[in-house]
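Chain by chain, the residues:
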Amino acid sequence: MLRSDAVPVYLPGAVLRPVEREILYLASLAPSGHNTQPWFVKYIEPFHWIVCSDRTRWLPVLDPNQRETILSIGAFLQNLRYAARHFGYSCAMDLSARSNQDENIAIVQLKPTANLTSYDISGIKNRRTVRSGYLDDPLRKADVNYLINGEKAFVHFIPCGSREYKWLERYTLEANRIQMLRGPIMEELSAWVRFSSKEIERHHDGFTVDSMEINGFEGWYARHFLDKADVLKSSFAEKSIDKVSDQVSHSGGWMLITSTDESVKKLLEAGMRMQRLFLKVREKGIAMHPMTQILEEPALHQSAHRFIKVGHHIQFILRVGYLKKYPPPVSPRRPVETFIKA
Ligand SMILES: Cc1cc2nc3c(=O)[nH]c(=O)nc-3n(C[C@H](O)[C@H](O)[C@H](O)COP(=O)(O)O)c2cc1C
């Protein structure tokens, strides 16, 4: 069902139908590094679009090869496919990109199709990254089997207490430490932090006080008195490291998502695979936290492959764990109208 206030959106040169708008809105609820939402959509004709990479939303310091940009666009495509199915459309996706830097990533065409198995979009709407408050209970075997069912070759569970688990815990913290000391990385981060509600209303993207899980008095203070310059101060880095240290020491295990190679196609597939997993965890009361710093540090990335023998290229490192209480999503998204070009 569409919301009752759904109306067509008039763009210069095109009219976006309510169902198209809804599908693209649901697609945009996908996760992305720093919540940059590095996508836009070229509107060719009704139900026929090109999903594109927005280079103004890349993270050139943290992600110089746009690996994470493509993974994020993969997550967007997975949401798009599920949302289309919910509304009775099958979705053909043709890859256009030959490199991670191409603008046109995939041509998407939706076709009304009878008897599709329905998809419950509440999972897309309720998904969120949770970073704190993980319980230490190891993930139950039945839950792990449910999560990786059908994806065994590319989704790997690292159980609590294993040597790989200890390695990930130690070096995720180490990689965070390294990054917090790098000026350009922190400057790039500060450009995507939105402390005040004014900034959130203006940008509808990036990290907010809520999404960074800065709670209570500290959150109130951050909302009213901190600004981008504060992200560059050593006190911000120290607090962040303390938080990460606490985060990595609580989990029910880790998940790794791999790909057979690093081509655009395989990266998009890895992003889609990660999103399929992300959309399954909440129903089991499990939180998921991408912690990609090891993969962003070339030396540690190589060590990860030497130490953790998964046979393929690791594209995502994800901390997972049960929560007592699952919080609702808080991370902002841009209105659909702002990422469509007719
Ligand atoms: C490719 C990729 C890398 C990410 N890396 C991190 C990370 O290292 N640390 C982190 O806290 N969140 C990470 N995230 C999660 C994003 O910050 C999160 O998806 C974004 O802020 C939007 O929030 P939401 O997932 O709650 O909608 C990553 C997400 C993606 C898709």
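None of the values given here were measured: they were computed from a predicted structure. (Residues numbered from 1 in each chain as written. Predicted model: local features only at pLDDT ≥ 70, side-chain atom pairs only at ≥ 80, totals over all residues.)

Trainee: What is the right way to look at the domain arrangement of the chain in this model?
Mentor: By a frequent convention, interface size equals the accessible area lost on bringing the separate parts together. Looking at the assigned domains, one finds that the chain contains domain 1 (9-127 + 330-341) and domain 2 (141-322). Each of domain 1 and domain 2 has a C-alpha centre, and the two are 22 Å apart. Each partner contributes to the interface: domain 1 provides 35 residues, whereas domain 2 provides 30 residues. Elements supplying a minimum of two residues to the side of domain 1 that touches domain 2: α2 (67-86) and α3 (122-126). Tallying contributions element by element places α2 first for the side of domain 1 that touches domain 2, with eleven residues. Each residue belonging to the side of domain 1 that touches domain 2 can be placed in one class, and the counts come to 16 nonpolar, 13 polar and six charged. (Domains from an automatic or database assignment. Contact = placed C-beta atoms within 7 Å. Helix = DSSP H or I, 4+ residues; strand = E, 2+ residues; numbered from the N terminus. Nonpolar A, V, L, I, M, F, W, Y, C, P; charged D, E, K, R; others polar.)

Trainee: Got a minute to help me understand the sheet that holds strand β12 (residues 313-322) in this structure?
Mentor: Picture the strands of a sheet paired through backbone hydrogen bonds; they go either parallel or antiparallel. Read across the sheet, four strands follow the order β7-β10-β12-β11 without closing on themselves; strand pairing throughout is antiparallel. Only two strands of the sheet have a single partner each, and these edge strands are β7 (155-158) and β11 (286-290). Here the average twist between neighbouring strands, direction ignored, is 30°. One ladder, built from four bridges, connects β7 with strand β10 (residues 253-259); its direction is antiparallel. Across the sheet, valine 155 pairs through a bridge with isoleucine 257, a residue of β10. (Pairing = 2+ DSSP bridges. Axes fitted to C-alpha atoms, helices over the stretch in contact; angles between N-to-C directions.)

Trainee: Explain the packing of α2 against helix α11 (residues 264-281) to me, please; I cannot follow it from the model alone.
Mentor: Packed helix pairs are specified by the crossing angle of their axes together with the interaxial distance, meaning the distance between the axes. With their axes 7 Å apart at the nearest point, α2 and α11 run at an angle of 55° to one another. Taken together, the axis directions place α2 and α11 in an arrangement best described as oblique. Crossing handedness for the pair α2 and α11: right-handed. Packed against α2, whose contacting residues are Arg67, Ile70, Leu71, Ser72, Ile73, Gly74, Ala75, Leu77, Gln78 and Asn79, the element α11 presents Val264, Leu267, Leu268, Glu269, Ala270, Gly271, Met272, Met274, Gln275 and Arg276 at the interface. Classifying every residue of the contact of α2 with α11 by side-chain character gives eleven nonpolar, six polar and three charged. (Parallel < 35°, antiparallel > 145°, perpendicular 65-115°, else oblique. Left-handed = near helix turned anticlockwise from the far one by under 90°.)

Trainee: Before we go on, may I ask you to explain the environment of glycine 311 in this structure?
Mentor: If you trace the backbone, glycine 311 turns up in the loop between α13 (298-307) and β12. Placed 52 residues apart in sequence, glycine 311 and serine 259 show a C-alpha to C-alpha distance of 9.3 Å.

Trainee: Before we go on, may I ask you to explain the pairing of β10 in this structure?
Mentor: Sheet faces and side chains relate simply in a regular strand, where the side chains alternate between the two faces. Across the seven residues that make up β10, a large majority, seven, are buried. Of the two faces of β10, the one lined by Gly253, Met255, Ile257 and Ser259 and the one lined by Trp254, Leu256 and Thr258 are each fully buried. In this sheet, β12 lies alongside β10 in antiparallel orientation, the contact comprising seven bridges. Note on β12: the bridge partner recorded for leucine 256 is isoleucine 317. (Buried ≥ 20, exposed ≤ 12 C-beta atoms within 10 Å, placed from the backbone.)

Trainee: Would you mind going over helix α1 (residues 18-27) with me for this structure?
Mentor: Residues spaced three or four apart along an α-helix face the same direction, because each turn holds 3.6 residues. Within α1, seven of the ten residues are buried, which leaves it mostly tucked inside the rest of the structure. Listed as buried for α1 are Val19, Glu20, Arg21, Ile23, Leu24, Leu26 and Ala27. The inward-facing, buried residues of α1 contact β1 (9-11), β2 (14-16), β3 (39-45), α2 and α3.

Trainee: Would you mind showing me how to read the site of the ligand here?
Mentor: Close to the ligand lie 20 residues, the nearest being Pro31, Asn35, Arg128, Thr129 and Ser331. Residue assignment for the shell around the ligand shows that the elements contributing at least two residues are α2 and β11. With four residues, α2 is the largest single contributor of residues to the shell around the ligand. Here the shell around the ligand is composed, by residue class, of six nonpolar, eleven polar and three charged. When residues of the shell around the ligand are assigned to domains, at least three fall in each of domain 1 (9-127 + 330-341) and domain 2 (141-322). (Near = placed C-beta within 6 Å.)

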